[in-house]
Amino acid sequence: MVDRIPSPDRKVRRASHDAVSHPLFARYYARFSKRAEPAMAPVRAELLGGLSGRVIEVGAGNGLNFAYYPGTVSEVVAIEPERALRQLAVDAAVRAEVPVDVVPGAAEALPVKSEGYDAVVLSIVLCSVRDVARTLAEVRRVVRPGGEVRFFEHVRAPRRGMRNVQRALDRTVWPRLFGGCHVGRDTLGALRDAGFELVAHRALLMPERGLRMPTSYCVLGVARRPELSDA
Ligand SMILES: C[S@@+](CC[C@H](N)C(=O)[O-])C[C@H]1O[C@@H](n2cnc3c(N)ncnc32)[C@H](O)[C@@H]1O
């Protein structure tokens, strides 16, 4: 059962549900993501391994994470704003072994109550949200004190040459072509700035071998909302 915040006005709710609409990207991602699964499967398994209790996944896409939630998870609320991807996520939820409730909504205004979740999952989504600081403030609001954030994101490259390429792409074509995605965000810095403790993280390249792409520089890890915090 989702503790959603009710909106008194249906029109307002519909506007916020469809606040993210990238139908072409949605079609592209639905196909591309399946082709990438052989490489992504072990990453998804590591991302979600050991989770338990109530989990909220933000920007769940077509639901490719759902198959990797362990049985110790009692419930997943999967937020997805893009209508076509959300429909695919609903199909994936039916096949999942843990209960998954797919819900429309945007990361910057999560439609759930505060401190209701043991963990938040962010998987290739901080690259795409409109406002990273606001998203992480929302993540911090909905996770209980001491709760976890599991993240897998492509991030800013360590070397200057590629960082310049990323910056140029982010200012021009990339977000337009790929559903608002940015390739050069400093995700670890943003998590720290939002008041999370970084528990563990590691850098990885996707794909591991071969040509480095602007999206190749990834980070996989766990952050925690401190037990004693005001927000
Ligand atoms: C690259 S896909 C990743 C999907 C999925 N998390 C996965 O691991 O395959 C990025 C997802 O973020 C979603 N997204 C984009 N902007 C968003 C926002 N403001 N709030 C929530 N989700 C958003 C997109 O609709 C898309 O489903």
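Please refer to the structure placed before this passage.
A few points on the structure. (Residues numbered from 1 in each chain as written. Predicted model: local features only at pLDDT ≥ 70, side-chain atom pairs only at ≥ 80, totals over all residues. Heavy atoms only, no water.)

### What about the site of the ligand?
Neighbouring residues of the ligand: 19 residues in total, closest Tyr29, Gly59, Glu80, Ala107 and Ser123. Here an oxygen atom of the ligand sits 2.6 Å away from a polar atom, N or O, in the side chain of glutamate 80. When the ligand sits alone it has 590 Å² of accessible area, and the protein chains cover 97% of it. Grouping the constituent residues of the shell around the ligand by class yields 10 nonpolar, five polar and four charged. (Near = heavy atom within 4 Å. Polar contact = N/O pair within 3.5 Å; in protein donor to acceptor, adjacent residues only side chain to side chain. Areas by Shrake-Rupley, 256 points an atom, 1.4 Å probe, with all protein chains shown as cover. Nonpolar A, V, L, I, M, F, W, Y, C, P; charged D, E, K, R; others polar.)

### As for helix H6 (residues 160-171)
For H6, built from 12 residues, the straight-helix expectation of 16 Å at 1.5 Å per residue is met to within 8% by its first-to-last C-alpha distance of 16 Å. Those residues of H6 that are buried are in contact with helix H7 (174-177) and strand S7 (217-224). (Helix = DSSP H or I, 4+ residues; strand = E, 2+ residues; numbered from the N terminus. Expected span 1.5 Å × (residues − 1). Contact = heavy atoms within 4.5 Å.)

### Some words on the sheet that holds strand S1 (residues 53-58)
Judged by pairing direction, the sheet is mixed, and its seven strands sit side by side in the order S3-S2-S1-S4-S5-S7-S6 without closing on themselves. Two strands bound the open sheet, and with one partner strand each, they are strand S3 (100-103) and strand S6 (197-205). Shown here is a sheet whose adjacent strand axes are inclined to one another by a mean of 15°, direction ignored. Both strand S2 (residues 73-79) and S3 contribute to a ladder of four bridges, which runs parallel. Paired with valine 76 across the bridge in S3 is valine 100. In this fold helix H5 (residues 132-142) packs onto S1, strand S4 (117-123) and strand S5 (143-154), with an angle of close to 140° to the strand it touches most, S5. (Pairing = 2+ DSSP bridges. Axes fitted to C-alpha atoms, helices over the stretch in contact; angles between N-to-C directions.)

### With respect to the packing of helix H2 (residues 23-35) against helix H3 (residues 37-48)
As a packed pair, H2 and H3 sit with axes 6 Å apart at the nearest point and diverge in direction by 80°. By the angle between their directions, the pair H2 and H3 is classed as roughly perpendicular. Taking contact as the criterion, the partners of Tyr29, Ser33, Lys34 and Arg35 in H2 are, on H3, Glu37, Pro38 and Arg44. The class makeup of the residues in the contact of H2 with H3 is two nonpolar, one polar and four charged. (Parallel < 35°, antiparallel > 145°, perpendicular 65-115°, else oblique.)

### Regarding the packing of aromatic side chains
Scanning the entire structure with this criterion turns up five aromatic pairs. Plain terms: the ring middles of phenylalanine 25 and tyrosine 28 are 6.2 Å apart, the flat faces sit at 45° to each other, and that makes the pair tilted. Taken together, the residues span about one helical turn, with phenylalanine 25 and tyrosine 28 both in helix H2 at a distance of three residues. Of the residues examined, tyrosine 28 reaches a relative accessible area of 36% and is grouped as partly exposed. Ring centres 4.5 Å apart and planes at 35° place the aromatic pair tryptophan 174 and phenylalanine 178 in the tilted group. Residue tryptophan 174 is classed as buried on the basis of its relative accessible area, which comes to 16%. Given the relative accessible area of 21%, phenylalanine 178 is considered partly exposed. Taken together, the ring pairs connect Phe25, Tyr28, Tyr29, Phe32, Trp174 and Phe178 into an aromatic cluster. Between the NZ or CZ atom of arginine 54 and the centre of the ring of tyrosine 117, over which it lies, the distance is 4.8 Å. (Phe/Tyr/Trp six-rings, centres within 6.5 Å; stacked < 30°, edge-to-face > 60°. Buried < 20%, exposed > 50% of the residue type's maximum accessible area, 1.4 Å probe, protein only. Lys NZ or Arg CZ within 6 Å of the ring centre and 35° of its normal.)

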